[in-house]
Amino acid sequence: MKTGQFRIKRCAIEGVEAVEADTAHSFGRHTHDQFGIGVIMRGAQKSASGRGPVEAGPGDMITVNPGEVHDGHPIGDAGRSWRMLYFDPGLIADTVLDIAEGRAEDFVFSRPVMSDRSAVEGFARVYAAMTETREALAGESGLFQLIASLMGRHPRIRFVSPSIHRAKALMDDDPVAAVTLADLAAATGFSRFQVVRAFAQATGMTPHAYLVQRRIGIVRRMIAKGTPLADAAFAGGFADQSHMTRTFVRAYGVTPGAYALAFG
């Protein structure tokens, strides 16, 4: 379904979502609850990622990990276009477990941008299988080959203190619940100011911005399952549908209504 400058496509495998975009829209800092793999088709963009500031141009592969704070801004006035596949973490975990022959592997994408022709060609095959031929066998086979080719790239992990992990867990356990800085301070042993400073240093977001992203992730999943927009806004803890809509557009560049049409 085409939604203005965005096209959201159903895929051959459950747990996979395809997005095509051609836009000059600038995305503020946000997160996804999925793994993302894509290719810049035209133009270029710069972004701040959890793995450092990067620029990507035509033919470059771009990746994002679940929960990773990033943004995206076009380079030049003509905007840029890209194709992305978003994968539920459970699907990637099962794929990695198979590739590793049952050994636990904590997989994340190590590089936010890659100029790797073979990887880009592998992505193109997976994308076509997922969205055009819609053959599950071809999609699964291509995904295994693509992830296997990327598993040897070891990530650089930024240390996050146990205190900040506790703060995140408090919000992750119930993103809709009202949380105060006093609650986070009690969980971490920090002062309220120290919580804000340490959380932003570790994640790139204030605690409130992080909580909003967790809530908009709930909304996105509910809309994809056919939940009415007003009900999704309420379930996601938003004051009203208009507040949810503004937040959704900032994060995903498309309205909740347009997103829902892709799954109608």
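Placed above this text is the structure.
Predicted, not measured: the structure shown is a model, and the values here were computed from it.

1. Thoughts on the overall build of the chain
Next, step 1: Of the regular secondary structure elements, the chain holds ten helices and eleven strands.
Next, step 2: Oriented by its inertia axes, the alpha-carbon framework of the chain measures out at about 50 × 40 × 40 Å.
Next, step 3: Burial analysis of the chain (264 residues in total) assigns 46% to the buried set.
Next, step 4: Sequence-distant contacts in the chain: of pairs separated by 6 or more residues, those separated by 24 or more amount to 69%.
Next, step 5: A total accessible area of about 12,900 Å² is found for the chain, and carbon and sulfur atoms account for 54% of it.
Next, step 6: Taking the average location of the 29 positive side-chain charges in the chain and that of its 27 negative ones, the two points are 6 Å from each other.

2. Brief notes about the packing of aromatic side chains
Both the distance between ring centres and the angle between the ring planes are used here to describe each pair of aromatic rings.
Next, step 1: What the rule picks out here adds up to eight aromatic pairs.
Next, step 2: Aromatic side chains Phe 107 and Phe 109 sit 5.2 Å apart centroid to centroid with 80° between the ring planes, which places their arrangement in the edge-to-face category. Like Phe 107, the residue Phe 109 is buried in the burial classification.
Next, step 3: Aromatic pair Phe 199 and Tyr 210: ring centres 5.5 Å apart, planes at 70°, arrangement edge-to-face. Within this pair, whereas Phe 199 is found in helix H6 (residues 192-203), its partner Tyr 210 is found in helix H7 (residues 207-224), the two being separated by eleven residues in sequence.

3. Thoughts on the environment of Ala 167
Next, step 1: For Ala 167, the position within the fold is in helix H4 (residues 162-173).
Next, step 2: If we ignore the near neighbours within four places in the chain, the residues touching Ala 167 are Leu 184, Thr 188 and Phe 199.

4. Structural notes on the nonpolar core
Next, step 1: Within the largest apolar cluster, 29 residues are counted, with the highest numbers of intra-cluster contacts made by Trp 82, Ile 216, Val 219, Ile 223, Met 244 and Phe 248.
Next, step 2: Here this core gets four residues from one element, more than from any other, and that element is helix H9 (residues 241-252).
Next, step 3: In contact with Val 219, not counting residues within four places along its chain, are Ala 232, Gly 236, Phe 238, Met 244 and Phe 248.

5. Description of the environment of Asp 240
Next, step 1: Here Asp 240 is to be found in the loop between helix H8 (229-235) and H9.
Next, step 2: You can call Asp 240 partly exposed: its relative accessible area is 37%.
Next, step 3: Counting along the chain gives ten residues from Asp 240 to Ala 230, while the straight-line C-alpha distance between them is 7.5 Å.

6. Focus on the pattern of salt bridges
Next, step 1: Within the structure shown, the criterion is met by nine salt bridges.
Next, step 2: The partner of Arg 220 in a salt bridge is Glu 17, and the shortest N-O contact between them spans 3.4 Å. One end of the pair, Arg 220, is in helix H7; the other, Glu 17, is in strand S3 (residues 16-23), with 203 residues separating them in the sequence. Take Arg 220 and Glu 17: they sit in the same class, and that class is buried.

Conventions and cut-offs
Residues numbered from 1 in each chain as written. Predicted model: local features only at pLDDT ≥ 70, side-chain atom pairs only at ≥ 80, totals over all residues. Heavy atoms only, no water. Helix = DSSP H or I, 4+ residues; strand = E, 2+ residues; numbered from the N terminus. Buried < 20%, exposed > 50% of the residue type's maximum accessible area, 1.4 Å probe, protein only. Contact = heavy atoms within 4.5 Å. Areas by Shrake-Rupley, 256 points an atom, 1.4 Å probe, with all protein chains shown as cover. Lys, Arg positive; Asp, Glu negative; His and termini not counted. Charge placed at Lys NZ, Arg CZ, Asp CG, Glu CD. Phe/Tyr/Trp six-rings, centres within 6.5 Å; stacked < 30°, edge-to-face > 60°. Core = buried A, V, L, I, M, F, W, Y, C linked by side-chain atoms within 4.5 Å. Salt bridge = Lys/Arg side-chain N within 4 Å of Asp/Glu carboxyl O.

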